[in-house]
Structures are given as structure tokens and as C-alpha cells.
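Fold and contact review
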Amino acid sequence: MENSVTAGIISAKNRRLQVAKRMYEEIFQTDAAINPGNSGGPLINLNGEVVGLNAFIIQSSQCLGFAIGIDALKAQLEQYVFK
């Protein structure tokens, strides 16, 4: 399905989620459709601002979707930006 959109409603904020051996902080729980192989799209608010990056699902929990908050992403990306 090319160029599809979901509601992306945030149902919880500031969740902690462990994936493999890494702990993620400031995770949003969302109803955005996230499936294996297509994660990584932006989570956008009503003003068109990116507030997170859709990244994970927990299939054993009714396919709950999770997005990494933009502030956490910015902190990680700063180390890769050449100044």
C-alpha cells in the first residue's frame, strides 16, 4: 500500500521499552500501523510537526505500536552531525 496514512493516536507517553538488550526511554504508544519491514515512518502532530519515529510493535500484545520521541532522537542524532 503505497502512500498510506493511519490516525497515529498516542494512547500513552513516556513508556519504557526494552528491545533486545537496549532500553528505550520516552516511548509513545500509538495506534499507527507498524508491521515488520515497514517501521520508521514519522509520527506527526496536527501541526505537521514530527513528534516521533514509529519504530516497534509487540505482536504478542495485540500488535501495540511504539514510537521513539523526537527529543530522544535529537539527542542521539547530535553525535552524528558534522559541525
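In short, a report on the structure. (Residues numbered from 1 in each chain as written. Predicted model: local features only at pLDDT ≥ 70, side-chain atom pairs only at ≥ 80, totals over all residues. Heavy atoms only, no water.)

Here's the deal with the pairing of strand β4 (residues 50-58)
- Bridge count for strand β3 (residues 42-44) against β4 is three bridges, and the pairing is antiparallel. Within β4, the residue paired with Ile-44 across the bridge is Val-50.
- Counted between consecutive antiparallel strands, the loop separating β3 from β4 contains five residues, among which Gly-48 sits at a positive phi close to 80°. (Pairing = 2+ DSSP bridges. Helix = DSSP H or I, 4+ residues; strand = E, 2+ residues; numbered from the N terminus.)

Here's the deal with the layout of surface pockets
- There is about 180 Å³ of room inside the second largest pocket.
- Forming the walls of the second largest pocket are Arg-22, Met-23, Tyr-24, Glu-25, Glu-26, Ile-68, Ala-72, Leu-73 and Gln-76.
- Of all the elements in the fold, those that place two or more residues in the lining of the second largest pocket are β2 (22-30) and α1 (70-77).
- Considering every element that reaches the lining of the second largest pocket, the biggest residue donor is β2, with five residues.
- Its residues placed into classes, the lining of the second largest pocket shows five nonpolar, one polar and three charged. (1 Å grid on protein atoms, 1.4 Å probe; cavity = no way out; pocket = protein on both sides within 12 Å on 5 of 7 lines; lining within 4 Å. Points joined across faces, edges and corners; volume = space filled by probe spheres on them. Nonpolar A, V, L, I, M, F, W, Y, C, P; charged D, E, K, R; others polar.)

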